[in-house]
Amino acid sequence: MLYLKNLTYHPAATPHAILKAINLELAPQQIGVIVGPSGSGKSTLLEILAGLAKKTSGTLHWRDQELTPDHLQQLSGLVFQFPERHFCGNTILAELRLGHPELGKERIDQAMTAVGLGDIPLSTSPRSLSGGQQRRLALAVQLIRQPYVLLLDEPTAGLDWSMRQQLIGLLGELKKDWTLLIVSHEPGEIIRIADRAWRLDHGELFPADPASFLAQPAAVSG
Ligand code: ADP
Ligand code: MG
């Protein structure tokens, strides 16, 4: 279980807190989706959960363990928005082993199969992959580290309809083995795979029924 209790982020330079007393619980092998407009604090929250930014106050636990930024860097896997822009390996193998040269073939094959890229040669350049395959590779890069929670920032941004459906299908499958926290500015199709959902508004988090994002506004007649 991931627990956030009264998590606040208020950099000294900003007049208002960017994240305000956030409470969130996410059980293992569930998908949580946070929906909020641009600037509401979604990426900042993921950066804190990935140990890249330091909370101002509040607590963060995984099971019974309180998590420091060092723990978080080791334990979480953050897939940035447009992750393909950050690829720097010349081959898929190099990309997967970046920072982890010790990773064995078995772990690499497992991760590639888990994201549906098991048939692509590891000598392939990441840049020659399709947009959807690049997103899958970015997922594999994090899965290979076996994170306790996979954090995804706008995972379907910029993909066409068919690639979005495939990626969402894959994220739904990954739930068998992983815990996922997804942030997005528009709930779109992703909300269909959510077990839990929240709205983030100016740094305040509110629980929401995933179905409430699917409801169409009633037609006004007369
Ligand atoms: P979102 O991902 O929902 O679009 P962000 O988390 O990127 O939102 O940003 C939320 C707000 O916090 C924005 O107004 C951004 O400019 C501001 N912000 C984020 N990090 C910092 C920081 N370290 N110092 C000052 N402002 C920040
Ligand atoms: Mg963002």
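Everything quoted here is computed from the prediction, not taken from an experiment. (Residues numbered from 1 in each chain as written. Chains lettered and ligands numbered in written order. Predicted model: local features only at pLDDT ≥ 70, side-chain atom pairs only at ≥ 80, totals over all residues. Heavy atoms only, no water.)

Student: Help me out: how do you make sense of the overall build of the protein in this one?
Tutor: Looking only at helices and strands, one finds seven helices and ten strands in the protein. Taken over C-alpha atoms, the radius of gyration comes to 18 Å for the protein, in line with the 17 Å a tight globule of 222 residues would show. Once the C-alpha set of the protein is aligned to its principal axes, its extents read approximately 55 × 50 × 30 Å. Classification of the 222 residues of the protein by burial places 46% in the buried group. Across the protein, every contact between residues at least 6 apart in sequence was considered, and the portion connecting residues at least 24 apart equals 68%. When the accessible surface of the protein is totalled, it reaches about 11,000 Å², and 51% of it is carbon and sulfur. (Helix = DSSP H or I, 4+ residues; strand = E, 2+ residues; numbered from the N terminus. Rg over C-alpha atoms; globule rule 2.2 N^0.38 Å. Buried < 20%, exposed > 50% of the residue type's maximum accessible area, 1.4 Å probe, protein only. Contact = heavy atoms within 4.5 Å. Areas by Shrake-Rupley, 256 points an atom, 1.4 Å probe, with all protein chains shown as cover.)

Student: I tried to follow unusual backbone geometry on my own but got confused; where do I start?
Tutor: Among all residues except glycine, the phi angle is most often negative; among peptide bonds, the trans geometry is most common. Even without being a glycine, R63 presents a positive backbone phi close to 55 degrees. With respect to the element layout, R63 can be found in the loop between β4 (57–62) and β5 (65–66). Non-glycine residue F82 carries a positive phi angle of around 50 degrees. Along the chain, F82 turns up in the loop between β6 (76–79) and α3 (92–97).

Student: Is there a simple way to explain the packing of aromatic side chains in this structure?
Tutor: Aromatic rings in a pair are described by how distant their centres are and how their planes are angled relative to each other. Across all of its chains, the model carries one aromatic pair by this definition. With a centroid separation of 4.6 Å and an interplanar angle of 65 degrees, the aromatic rings of W62 and Y148 are classed as edge-to-face. You can see W62 sitting in strand β4 and its partner Y148 sitting in the loop between α5 (131–143) and β7 (149–153), a full 86 residues away along the chain. Residue classification places W62 among the buried residues on the basis of a relative accessible area of 10%. Judged by relative accessible area, which is 9%, Y148 ranks as buried. One cation-aromatic arrangement involves R85 over F82; the distance from NZ or CZ to the ring centre is 3.9 Å. (Phe/Tyr/Trp six-rings, centres within 6.5 Å; stacked < 30°, edge-to-face > 60°. Lys NZ or Arg CZ within 6 Å of the ring centre and 35° of its normal.)

Student: Before we go on, may I ask you to explain the sheet that holds strand β3 (residues 31–35) in this structure?
Tutor: The pairing of strands in a sheet comes from backbone hydrogen bonds and takes either a parallel or an antiparallel form. If you walk across this open sheet you meet the six strands as β6-β7-β8-β3-β9-β10, and the pairing is mixed. A strand with exactly one partner marks an edge of an open sheet, and here the two such strands are β6 and β10 (204–208). Between one strand and the next, the sheet's axes are offset by a mean angle of 20 degrees, whatever the strand orientation. Note: β3 against strand β8 (residues 180–184), five bridges, orientation parallel. If you follow I34 over to β8, its bridge partner there is V183. Packed on one face of the sheet, helix α6 (residues 161–174) meets β3, β7 and β8 and runs near 150 degrees to β8. (Pairing = 2+ DSSP bridges. Axes fitted to C-alpha atoms, helices over the stretch in contact; angles between N-to-C directions.)

Student: How do you make sense of the site of ligand 1 when you look at a structure like this?
Tutor: All residues adjacent to ligand 1 are Y9, P11, T14, I18, P37, S38, G39, S40, G41, K42, S43 and T44. G39 places a polar main-chain atom, nitrogen or oxygen, 2.7 Å from an oxygen atom of ligand 1. Separating an oxygen atom of ligand 1 from a side-chain N or O atom of T44 is a distance of 2.5 Å. Computed on the free molecule, ligand 1 has an accessible area of 570 Å², of which 56% lies beneath the protein chains in the complex. Considering every element that reaches the shell around ligand 1, the biggest residue donor is helix α1 (residues 42–49), with three residues. (Near = heavy atom within 4 Å. Polar contact = N/O pair within 3.5 Å; in protein donor to acceptor, adjacent residues only side chain to side chain.)

Student: Help me understand the nonpolar core in this model?
Tutor: Side chains of nonpolar character tend, in soluble globular proteins, to be buried together. Residues L96, L139 and L174 are the most contacted members of the largest nonpolar core, which totals 40 residues. Looking at this core, the elements with two or more residues in it are β3, α3, α4 (105–114), α5, β7, α6 and β8. No other element matches the six residues that α5 contributes to this core. Discounting chain neighbours no more than four positions away, the residues touching L174 are A114, L139, L143, L150 and L180. Within the second largest apolar cluster, 28 residues are counted, among which are I34, W62, L151 and L181. (Core = buried A, V, L, I, M, F, W, Y, C linked by side-chain atoms within 4.5 Å.)

Student: Can you walk me through the sheet that holds β5 in this structure?
Tutor: The strand order across the open sheet built from four strands is β2-β1-β4-β5, with neighbouring strands paired in antiparallel fashion. If you trace the sheet from one side to the other, it starts and ends with β2 (19–26) and β5, each paired once. Pairing between β4 and β5: two bridges, direction antiparallel. What sits directly across from H61, in β5, is E66. Sheet strands touched by α1: β1 (2–9), β2 and β4. Its angle to β1, the strand with the most contacts, is close to 120 degrees.

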